[in-house]
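# Inside the fold
So the chains spell out like this:
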Number of protein chains: 2
Amino acid sequence: MEPDPDGDIDHGAPLPPYRQLAGILAARIRRGDWQPNRAIPSEAHLVQEYGLARATVRRAIAVLVDQGVLFVVPQRGTFVKPDSEQPSMPNA
Amino acid sequence: MEPDPDGDIDHGAPLPPYRQLAGILAARIRRGDWQPNRAIPSEAHLVQEYGLARATVRRAIAVLVDQGVLFVVPQRGTFVKPDSEQPSMPNA
DNA sequence: CAACATTTGTTCGTATGTATC
DNA sequence: CGATACATACGAACAAATGTT
C-alpha cells in the first residue's frame, strides 16, 4: 500500500483534518493526478487512503465543490470541474 | 529563582498559581515536551493534572499567548508557536 | 426481470475541544 | 466549577440511484 504523495493527515495540527484533506486534494488536482471531467476516487476509497471518517471526507469534498473545483453527480461519483483553470493544449 | 519546571502549584507562594503554571508550561515547551505547531494538552487535562480551576488554566494560557509562546485555534486546541525560538540541534 | 456491487445521500449516536455564562 | 453551546471527528447504519452480470 503506497502512502500518499502529499503526505498524511495530522490530527494534532491546528488545521482541521477536513481542511488538510481539501488542500491535499486541490494540490493533486492542480498537479493533474485527476483530469477534468473525470471522477476522483470514491469517498470510500479516500476514507481508506487517508484514514478518515467518511463524514470528514465528505466535508473536504464539500469545500472543493464550494470552491468550484469539483462537482458531484449523485450515485455516480465526484468529478473534476473542467473550466477551473486547465491549460488548453493547442490541438493534440 | 524560577519555579520548579516540573513542580506542582504552591498556593501559599507569593507568585499566583496562574503565573506559576505559565512558568511551568513555558519550561516544558522550552524543554520540547510539546513540539511547534502541535497541540498542548487540553484545558480539562491541565485542570486535572495541576489541580487548578479552568479559569486559572486559561489565565496561564492567556499569558503565554500574549508572550507569543502559544496560539489558540477556536474549537481546535492550543498550539505551540513555531517561531518562538526552537534550539536548533547543534548538528546531529 | 433479478441479484449484486458501487457510490453518493442521510441520519443517528458518541466523543473531544474550546467559548461563554 | 458547574451548565450549555458550538465545531470537529469518528462509527454505524440505511436509503436511493446507477452499472454490471
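Right, let's walk through the structure included here.

Definitions and cut-offs
- Residues numbered from 1 in each chain as written.
- Chains lettered and ligands numbered in written order.
- Predicted model: local features only at pLDDT ≥ 70, side-chain atom pairs only at ≥ 80, totals over all residues.
- Heavy atoms only, no water.
- Helix = DSSP H or I, 4+ residues; strand = E, 2+ residues; numbered from the N terminus.
- Contact = heavy atoms within 4.5 Å.
- Polar contact = N/O pair within 3.5 Å; in protein donor to acceptor, adjacent residues only side chain to side chain.
- Near = heavy atom within 4 Å.
- Nonpolar A, V, L, I, M, F, W, Y, C, P; charged D, E, K, R; others polar.
- Salt bridge = Lys/Arg side-chain N within 4 Å of Asp/Glu carboxyl O.
- Buried < 20%, exposed > 50% of the residue type's maximum accessible area, 1.4 Å probe, protein only.
- Buried area = accessible area lost by both parts, 1.4 Å probe.

### As for the environment of Glu43(B)
Residue and element names in this part refer to chain B. With respect to the helices, strands and loops of the structure, Glu-43 is situated in helix α2 (residues 43-50). For Glu-43 and Gly-23, which are 20 residues apart along the polypeptide, the C-alpha to C-alpha distance reads 16 Å. Every residue in contact with Glu-43, bar those within four places of it in the chain, is listed here: Arg-54, Val-57, Arg-58 and Ile-61. Within the structure, the side chain of Glu-43 is placed 2.8 Å from the side chain of Arg-58, a separation counted as a polar contact.

### As for the protein's contact with DNA strand D
In the neighbourhood of DNA strand D, 15 residues make up the surrounding shell, with His11(A), Pro17(A), Tyr18(A), Thr56(A) and Gln75(B) lying closest. Of everything in DNA strand D that lies within 4 Å of the protein, sugar and phosphate atoms constitute 78%. Within the backbone of Ala53(A), a nitrogen or oxygen atom sits 3.0 Å from a phosphate oxygen of DNA strand D. The contact in question runs from a phosphate oxygen of DNA strand D to an N or O atom on the side chain of Arg59(A), over 3.1 Å. Of all elements in the fold, only α1 (17-31) and α3 (54-66) of chain A reach the threshold of two or more residues within the surface near DNA strand D. Taken together, the residues of the surface near DNA strand D sort by class into seven nonpolar, four polar and four charged.

### Topic: the pattern of salt bridges
Inspection of every chain in the model, using the stated rule, returns ten salt bridges over all chains. A salt bridge links Asp10(A) to Arg38(B); the nearest nitrogen and oxygen atoms lie 2.3 Å apart. Note that Asp10(A) is positioned in the segment before α1 and Arg38(B) in the loop between α1 (17-31) and α2, a pairing that runs across two chains. Between Glu43(A) and Arg58(A) there is a salt bridge; the shortest N-O distance is 2.8 Å. Of this pair, Glu43(A) sits in helix α2 (residues 43-50) while Arg58(A) sits in helix α3, and the two are 15 residues apart along the sequence. The partly exposed category is assigned to Arg58(A), whose relative accessible area is 44%. Linked by salt bridges that have partners in common, Arg28(A), Arg31(A), Asp33(A) and Glu49(A) make up one network.

### Some points on the interface of chain B and chain A
In many reports, interface size means the accessible area that the parts give up when they come together. Of the residues lining the interface, seven residues belong to chain B; the matching set on chain A comes to eight residues. When chain B packs against chain A, close to 510 Å² is buried across both sides, 46% of that on carbon and sulfur atoms. At the junction of chain B and chain A, the tally comes to one salt bridge. The interface formed by chain B and chain A holds four residue pairs in polar contact (both at pLDDT 80 or more) in total. Across the side of chain B that touches chain A, the residue classes tally to four nonpolar, one polar and two charged.

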